[in-house]
Amino acid sequence: WWSRVLAGFGRVPAVAPEPGVLLMIAAAAALLSVPRATWRWFGLFVTFVHELGHAFAALMTGQVVKGIRLRFDHSGDMRSLGRGGFPAAWAGFWGYPVPAVVGAVLVLAALGGWSGAALSVSALVLLAALLFIRNGQGLVIAFGCASVSVLLVWFAAPPVAGYVAMCTGIALLVGAVRDWFNLLGVHTRRRRNLESSDAYILSRRTGVPAVLWLAGFALVIAASL
């Protein structure tokens, strides 16, 4: 398996689907991230990526990641130890935008012939993330995501890897948009859940209005799209 991980870092022919095939890929991505039945499962992966975004942003500013918790209701949290101020705000910001950023990277990797590298890196990151999970539901979710990633590295031929990377990338982009609108709903219609909002938490910590944090999330997601 490790040799296949290393082999994934070689460049392969880029994915260049015909319009009809591209529509099929987009339809498959939409089936993962739009219907409530499939979103119930794929949304868990989006939440995992969301929390990993917080964790990587925390590490970038010298904080220590204490653990990640994931739950079957698509909620989660990342706990870190470090300074407040900018480091805390930076880590708090990179949750909702990260699934879109990762989705864009996966699509670009498929179009550039680096889908194998994208899948190899994904497998290594998801496996390493298992060390930081701190609850039972999170362990089930993280182990499931890591297992799928490992199997793709093992079994997916380069052309298949390209289509998988593109489909997953588009689904993550759609999922990021869906999550942002859900967050907007928390601020407009379901304000009883406001304390769970990253934008609200950031506004409390920094004094910057939550609407500006929402706009910042939207800007990065739109740029990724």
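Bear in mind the structure is a predicted one, so any value in this text is a computation, not a measurement.

Draft legend 1. Structural view of the overall build of the protein. When its secondary structure is counted, the protein shows ten helices and two strands. When the helices and strands of the protein are listed from N to C terminus, the series reads α-α-α-β-β-α-α-α-α-α-α-α. For the protein, whose C-alpha radius of gyration is 18 Å, the value lies close to the compact-globule estimate of 17 Å for 225 residues. Across its three principal axes, the protein shows a C-alpha extent of roughly 50 × 35 × 30 Å. Taken over 225 residues, the protein has a buried fraction of 46%.

Draft legend 2. View of the side chain of serine 224. Here serine 224 shows up in helix H10 (residues 210-224). Ignoring anything within four residues of it in the chain, the contact list for serine 224 reads Ala100, Val101, Ala104 and Leu173.

Draft legend 3. Quick peek at the environment of alanine 199. Note on placement: alanine 199 falls in helix H9 (residues 198-206). Look past the residues within four positions of alanine 199 in its chain and what remains in contact with it is His187, Ala210, Trp213, Leu214 and Phe217.

Draft legend 4. Spatial organisation of H9. Those residues of H9 that sit buried are Asp198, Ala199, Tyr200, Leu202 and Ser203. Against the buried residues of H9 lie helix H3 (36-60), helix H4 (86-93), helix H8 (158-188) and H10. In the segment just after H9, glycine 207 is the residue with positive phi, at about 85°.

Draft legend 5. Focus on the packing of H3 against H4. The interhelical angle for the contact between H3 and H4, taken along N-to-C directions, is 155°, at an axis separation of 7 Å. It follows from the interaxial angle that H3 and H4 lie roughly antiparallel. Judged by the twist between their axes, the crossing of H3 over H4 is right-handed. Seen from H3, the contacting residues are His54, Ala57, Ala58 and Met60; seen from H4, they are Trp90, Ala91 and Gly92.

Draft legend 6. Broad picture of the pattern of salt bridges. For the structure on display, the rule yields two salt bridges. One salt bridge in this structure joins arginine 71 and aspartate 77, with 2.7 Å as the shortest N-O distance. In this structure, the salt-bridge partner of arginine 79 is aspartate 77, at a minimum N-O distance of 3.6 Å. Judged by its relative accessible area of 52%, arginine 79 is exposed. Through salt bridges with shared partners, one network takes in Arg71, Asp77 and Arg79.

Draft legend 7. Looking closely at the pairing of strand E1 (residues 64-70). Of the strand pairs in this sheet, E1 and strand E2 (residues 76-81) are connected by six bridges, and their pairing is antiparallel. When the bridges of E2 are listed, valine 64 appears paired with leucine 81. As consecutive antiparallel partners, E1 and E2 are separated by five residues, and within that stretch histidine 74 has a phi angle of approximately 75°, a positive value.

The rules we used
Residues numbered from 1 in each chain as written. Predicted model: local features only at pLDDT ≥ 70, side-chain atom pairs only at ≥ 80, totals over all residues. Heavy atoms only, no water. Helix = DSSP H or I, 4+ residues; strand = E, 2+ residues; numbered from the N terminus. Rg over C-alpha atoms; globule rule 2.2 N^0.38 Å. Buried < 20%, exposed > 50% of the residue type's maximum accessible area, 1.4 Å probe, protein only. Contact = heavy atoms within 4.5 Å. Axes fitted to C-alpha atoms, helices over the stretch in contact; angles between N-to-C directions. Parallel < 35°, antiparallel > 145°, perpendicular 65-115°, else oblique. Left-handed = near helix turned anticlockwise from the far one by under 90°. Salt bridge = Lys/Arg side-chain N within 4 Å of Asp/Glu carboxyl O. Pairing = 2+ DSSP bridges.

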